[in-house]
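# Summary of structural features
If you want the building blocks of each chain, they are given just below.
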Amino acid sequence: MSIRVNFTVNGSAESVDGVWEGESLLYVLRERMGLPGSKNACEQGECGSCTVYLDGIPVCACLVAAGQVEGRSVRTVEGLADGDRLDPVQEAFLECGAVQCGFCTPGLIVACHDLLARNPAPGDAEIREALAGNLCRCTGYEKILDAVRLAAARRAPRP
Amino acid sequence: MTTVAARAVGTEADRVEGLEKVTGRARYAFEHPIEDMVYAAPVPSVVARGEVIAVDVAEALTFPGVIDVLWHGNAPKLERVGNAELHVLQSPRVAYRGQYIAVVIAKTLEEAREAALRVGVEYAVERHDVGLRADHPRLYRPERVNPDLPADVQQGDPDTALAAAPVTVDAVYRTPAEHNNPMEPHATVARWDAEGLTLYDSTQGATSLRDAVAPLFGIEPSSVRVIAPHVGGGFGAKGEPHPPVVLAALAARRTGRPVKLAVTRQQMFSVTGYRTPTIQRVRLGAHPDGHLTAIVHDAVEQSSTIHEFAEQTTTPTRIMYAAPNRRTTHRLVRLDVPTPSWMRAPGEAPGMFALESAMDELAAACGLDPIELRIRNEPEVDPETGLPFSSRNLVACLRDGARRFGWADRDPAPGVRRRGRLLIGTGVAASTYPVYRSACQATARAEPGGIFTVRIAAADIGTGARTVLTQIAADVLRVPLGRVRVAIGDSALPRASLAGGSSGTASWGTAVTRACEALRDELDRRGGTPSTGVTVSVDTTEENGEPSRFARHAFGAQFAEVGVDRDTGEARVRRLLGVFAVGRVLNPKTARSQFIGGMTMGLSMALLEESVLDREFGDYLNHDLAQYHVAACADVPAVEAYWVEESDPHLNPMGSKGIGEIGIVGTAAAVANAVHHATGIRVRDLPIRLDKLLT
Ligand code: FES
Ligand code: FES
């Protein structure tokens, strides 16, 4: 049995045919829609590499059945920059050296983006807690914390 | 050409491919868009030892979308190579649980997976043995240990010296099996066409993978192309080829379609290598003032029945401390387990846990500060070879670290510092990693527009290699960074060694330096860049073959502060501080990240990581990230990394030592020593779980 799924991805309305009902949103994005920015590192909600926004809430795309996104809106790492203008979180990751192999990066960037939207000036403990579901095997997280602090400072409204 | 002396090396240049990575545009192995692609799902063995006597593919073949099912009865024949792990689907023998028995190829991944569950396999099961024991009857001494070192080394008469020593330590330390768990699972897209085989693969070495795969299929290396522009971490797991890449190539050959195969996180625990568990006995003999008279370090490790992997666990002990009488040994037992493989600082990481824990025990036995004990045993020359060290700044690292960490007023008494429910303690350990370098080729090209292109089949698995090679090239060419392009990650480029043994930058950087020097000379000779551009090629085989008159190693000092909950036994690291002596640091930004990442993996090794073997079924039980814990953001407190100035002319043109691995070496000992300081409990088997601290 295959289904058609209609949803919005990064602002554009999409319709995907031939989706098996057990497929994950992550699989549909990566294998059917040519959007491999969100990564697949565990497929069972343990690593956060696949983090995307679903109607503005960060979710593990590997845990969302494709059919569940019918009529809803998804935003991935590919949809964070405004044309060539990077989001402050992306910029900060670049500048602080918070990226090594880059495999955890897309999920982490979405998670940090969400954290700053909810809490514009998070303390270190809050950052560590908020990112505890996003595993990174390379960086030791220090530079990722730096990046969140930098992005927070840049996003803060100027006096 | 410009004469501006652009000093790119030593600056915090941003990662060259950072933009692609933060926007999600960087393409990893599984993500290369290829027409007409199909998916493979392997069928793993569910027994640890025996023989496959029947494979029933009928039901799987009729499943919708299925194109073919391969097993040893119908798989294309492979040539024999040195590593039998790569003889995939060639025999009915089962050497470990999880070994590939068959593979289903289907139009979608879901179809392939579903059909793989419907492949019926019948086994003649044999009794397996998966238990590593120090008294295993089949222990043997391997000919050599990795990378090519003697298994045993003895100097003087350690047994007599130990018997006569006024102070001794004699203890057994254990480290568990650990899995590298890079965030990107191993993945391959394999395609055959008239030219041969193309592999988009998550590999630490495009050239070496090409050279390993070609003979399996009886073709020339020139008929295999490996493409790997971005690799999502490896830590050794993607260093040598493992069965999945061969399986993908077999499936593509048989079906005539490009085949995608991504190992699942669960399957990574059986088919992509791991760190061998170790049982290590360390014996130290010393004078009451701490001067060592004898060091004996014996390691017991495992390998599989089909391939010998002999980890160099006790080799760091050969160079660390002066003592006239010394012995280091390795014993292996071949079990019905997957073959162990390289994991970040293979040998050094477990070996230094044992040695540096024992040194802490000796410091206590002598009533000496552990830093002072190490300083007293600092050797003049390499104790094993008698060669002078090209540079050795362990003492400088210990002193600098002590100052930064605030070691001076430390009360050595264990178990006396309380803060609420926490017992607080601090610990120190030394760190070391050898200097390796391999021969490479490279080309450098000047374009008429003032752009330079350097080509070398190097790999960037997250280390920052692409960035650092760009910096090196820019400086040798004396041009700004923005005018240099570095092409890596493709076996069609000039041959290069793999990203392993912390040798990448040294090996590739030497070739890049020589190529850019040759290009500069050529441009000087021609009086500028000709309108067609100009290319030069170099090969560092000769330069690399010159034997060194020096013992070359990096050193470091690791400090840890821990808090142990008195009621629950939970140990948490409160801060980590490392100081390293690694020659010249080429990019402080990427280097710091490597050190901190390594130290964090060391913290993870100390407190969390353990692949738990199921003796009954013979495989690793906790085979996913929910059960195999790697340090998450909330586990990691303030981690600081520093380095001391070190100028060493005996290394390579950059004056650099490798930095990818030393960060993990010694961390676990520093943490265990801090736990002892906090609680008075000496944990000699990793990881330091709460049950080991509840007395
Ligand atoms: S891939 Fe979704 S959480 Fe790991
Ligand atoms: S950068 Fe490699 S896993 Fe985070």
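Definitions and cut-offs
- Residues numbered from 1 in each chain as written.
- Chains lettered and ligands numbered in written order.
- Predicted model: local features only at pLDDT ≥ 70, side-chain atom pairs only at ≥ 80, totals over all residues.
- Helix = DSSP H or I, 4+ residues; strand = E, 2+ residues; numbered from the N terminus.
- Rg over C-alpha atoms; globule rule 2.2 N^0.38 Å.
- Buried ≥ 20, exposed ≤ 12 C-beta atoms within 10 Å, placed from the backbone.
- Contact = placed C-beta atoms within 7 Å.
- Nonpolar A, V, L, I, M, F, W, Y, C, P; charged D, E, K, R; others polar.
- Domains from an automatic or database assignment.
- Core = buried A, V, L, I, M, F, W, Y, C linked by C-beta atoms within 7 Å.
- Axes fitted to C-alpha atoms, helices over the stretch in contact; angles between N-to-C directions.
- Left-handed = near helix turned anticlockwise from the far one by under 90°.
- Pairing = 2+ DSSP bridges.

## So, the overall build of chain A
- Helix and strand counts for chain A stand at five helices and five strands.
- Mapped from its N terminus to its C terminus, chain A presents α and β elements in the order β-β-α-β-β-β-α-α-α-α.
- On C-alpha atoms alone, chain A measures out to a radius of gyration of 16 Å, which is about the 15 Å that the 2.2 N^0.38 rule sets for 159 residues.
- Taking the principal axes of its C-alpha atoms as reference, chain A extends roughly 55 × 35 × 25 Å.
- Scored against the burial criterion, the 159 residues of chain A give a buried share of 56%.
- In chain A, of all internal contacts separated by at least 6 residues, the share reaching a separation of at least 24 is 60%.

## Quick look at the interface of chain B and chain A
- Each side of the interface is counted separately: chain B has 43 residues, and chain A has 45 residues.
- Of all the secondary-structure elements, those providing two or more residues to the side of chain B that touches chain A are α1 (18-22) and α15 (588-607) of chain B.
- Looking at the side of chain B that touches chain A, the element that brings in the most residues is α15(B), giving seven residues.
- Its residues assigned to classes, the side of chain B that touches chain A comprises 20 nonpolar, 14 polar and nine charged.

## Quick word on the domain arrangement of chain B
Residue and element names in this part refer to chain B.
- Partitioning chain B into structural domains gives domain 1 (18-28 + 438-545), domain 2 (32-127 + 183-233 + 238-271) and domain 3 (144-178 + 274-435 + 552-692).
- One C-alpha centre belongs to domain 1, the other to domain 3, and the line joining them spans 35 Å.
- Between domain 1 and domain 3, the contact holds 15 residues from the first and 16 residues from the second.
- Counting only elements with at least two residues in the side of domain 1 that touches domain 3, the list comes to α12 (465-477) and α13 (504-526).
- Here the element with the most residues in the side of domain 1 that touches domain 3 is α13; it accounts for five residues.
- Grouping the amino acids of the side of domain 1 that touches domain 3 by side-chain chemistry returns three nonpolar, 12 polar and no charged.

## Let's talk about the nonpolar core
Residue and element names in this part refer to chain B.
- Residues Val 104, Val 454, Ala 473 and Val 671 are the most contacted members of the largest nonpolar core, which totals 274 residues.
- Every residue in contact with Val 104, bar those within four places of it in the chain, is listed here: Ala 41, Val 43, Ala 60, Val 66, Val 69, Ala 112, Ala 115, Ala 116 and Val 119.
- Core analysis: the second largest hydrophobic core is formed by five residues, Val 145, Ala 151, Phe 309 and Ala 310 among them.

## A word on the packing of helix α9 (residues 348-366) of chain B against helix α16 (residues 667-679) of chain B
Residue and element names in this part refer to chain B.
- The geometry of α9 relative to α16 is characterised by a closest axis approach of 8 Å and an angle of 35° between their N-to-C directions. In the packing of α9 onto α16, the handedness of the crossing is right-handed. Contacts from Met 352, Phe 353, Glu 356, Ser 357 and Asp 360 of α9 reach α16 at Ala 668, Ala 669, Ala 672, Asn 673 and His 676.
- For the contact of α9 with α16, the class distribution of residues is five nonpolar, three polar and two charged.

## With respect to the sheet that holds strand β28 (residues 638-643) of chain B
Residue and element names in this part refer to chain B.
- Taking strand neighbours across the sheet as the criterion, the five strands line up as β18-β19-β24-β25-β28 in an open arrangement whose pairing is mixed. Single-partner strands in this sheet number two, and they are β18 (418-419) and β28.
- Two elements, strand β25 (residues 571-581) and β28, share six bridges in a ladder whose sense is parallel. If you follow Arg 575 over to β28, its bridge partner there is Ala 638.

## Section: the domain arrangement of chain A
All names here are of chain A.
- Taken as a whole, chain A is organised into domain 1 (2-79) and domain 2 (88-155).
- Broken down by element, the residue count for the side of domain 1 that touches domain 2 peaks at three residues, all from strand β3 (residues 51-54).
- In the side of domain 1 that touches domain 2, the residues fall into seven nonpolar, five polar and one charged.

## Brief notes about the sheet that holds strand β10 (residues 167-175) of chain B
Residues and elements named next belong to chain B.
- With respect to topology, five strands assemble into an open sheet ordered β9-β17-β16-β15-β10, the strand pairing being mixed. With one partner strand each, in any of the chains shown, β9 (153-155) and β10 form the two edges of the open sheet. In this sheet, neighbouring strand axes are inclined to one another by 10° on average, regardless of whether the strands run parallel or antiparallel.

## Looking at the pairing of strand β2 (residues 50-56) of chain B
All names here are of chain B.
- For β2 and strand β6 (residues 120-125), the ladder comprises six bridges, and the chain directions are antiparallel. Across the sheet, residue Val 52 finds its bridge partner in β6, namely Tyr 123.
- By the bridge criterion, two bridges tie β2 to strand β4 (residues 93-94) in an arrangement that is antiparallel. Looking at the pairing, Gly 50 lines up with Val 94 of β4.

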